[in-house]
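# Observations on the three-dimensional arrangement
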Amino acid sequence: MSRSSSGIVAGLTAAAVAAVGFLGYQASATAPARPPKAAAQAPAPAPSQSAAKQDPAKPVPVPEGSGTGVRVVYSVGQKRVWLVGDAGQQPKSFTVMPSTVHPKAGSYQVGSRSGAVTGSDGVPIEHVVRFATVEGVAVGFSARADGATPEPDPNKKTGGIRMTKADGDAMWAFATINSKVVVVP
């Protein structure tokens, strides 16, 4: 590697570290002092009838009781995620395929991220954003490398909440370390 390449890499690394530090500070300023511990597996609620009748042309409202401020909201029952930004911004919302292991309703923080790994189901995945552990299974958002979102094998304990590659890209850009994740039924 040449000196100029080393300097560019060092500069980009320093900028990335500074950005992550700033975002971590922002997240910690709005995070509760003691987030609840991830608890035992909770069964997935059945989708509500209102979710089934949703007009795809209209934005899906962020669930009531999901808190305030910048956050990721995950509704297990609606099989949907909202990326809620600053006040005045329209939240980005998309459907997901829940895993077989579900975190209890509550507030969590993003604890780790991975660009590309093999999922607990043996499938290559990318943009992994982990926020809870349930019964020893890491729970987080991810996209399969092939872009598919099939239902998980109900006989396996998996924690990957899967989404399309485009939605995985949006999640990756939005949910950095210490970002707030709110799980609702």
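One can find the structure itself at the top, above this paragraph.
Keep in mind that this is a model prediction, so the values were computed, not measured. (Residues numbered from 1 in each chain as written. Predicted model: local features only at pLDDT ≥ 70, side-chain atom pairs only at ≥ 80, totals over all residues. Heavy atoms only, no water.)

### Notes on the overall build of the chain
Quick note on the threshold: Comment: elements are numbered from the N terminus, with helices defined as DSSP H or I runs of at least four residues and strands as E runs of at least two. To sort residues, take the accessible area from a 1.4 Å probe on protein chains only and compare it with the maximum for the residue type: under 20% means buried, over 50% means exposed, and anything in between is partly exposed. Whether two residues touch is decided by their heavy atoms; if any such pair falls within 4.5 Å, the residues are in contact. Working definition of accessibility: Shrake-Rupley area with a 1.4 Å probe, residue cover restricted to the visible protein chains.
Across its full length, the chain carries 3 helices and 9 strands. For the chain, the α and β elements follow one another from N to C terminus as α-α-β-β-β-β-β-β-β-β-α-β. Looking at the 185 residues of the chain, the share that counts as buried comes to 36%. Contacts in the chain between residues at least 24 apart in sequence constitute 56% of all its contacts with a sequence separation of at least 6. Total accessible area on the chain is roughly 10200 Å²; 57% of this is exposed by carbon and sulfur atoms.

### Overview of the pairing of strand β1 (residues 71-75)
We apply this condition: Two strands qualify as a pair provided that DSSP identifies no fewer than 2 bridges between them.
Burial analysis of β1 places 5 of its 5 residues in the buried class, the great majority of the element. Of the two faces of β1, the one lined by Arg71, Val73 and Ser75 and the one lined by Val72 and Tyr74 are each fully buried. Bridge analysis of β1 against strand β2 (residues 80-84) gives 5 bridges, and the strand direction is antiparallel. Note that in β2 the partner of Val73 across the bridge is Trp82. Here β1 folds back onto β2, and the loop between the two strands holds 4 residues, one of which, Lys79, carries a positive phi near 50°.

### A short note on the sheet that holds strand β9 (residues 180-184)
Applied cut-off: Lines fitted to C-alpha atoms define the axes, with helix axes restricted to the stretch in contact, and inter-axis angles between N-to-C directions lie between 0 and 180 degrees.
Strand order in the open sheet formed by 5 strands is β3-β2-β1-β9-β4, with mixed pairing between adjacent strands. Lying at the two open borders of the sheet, with one neighbouring strand each, are β3 (92-95) and β4 (106-109). In this sheet, neighbouring strand axes are inclined to one another by 20° on average, regardless of whether the strands run parallel or antiparallel. Both β1 and β9 contribute to a ladder of 4 bridges, which runs parallel. When the bridges of β9 are listed, Val73 appears paired with Val182.

### What about the sheet that holds strand β6 (residues 124-134)?
Strand order across the open sheet formed by 4 strands is β5-β6-β7-β8, with mixed pairing between neighbours. In this open sheet, the two edge strands, each paired with only one partner strand, are β5 (112-118) and β8 (160-163). Ignoring strand direction, the axes of neighbouring strands in this sheet form an average angle of 30°. Sheet topology places β6 next to strand β7 (residues 137-144); 7 bridges connect them, and they run antiparallel. Bridge assignment links Arg130 to a residue of β7, and that residue is Gly140.

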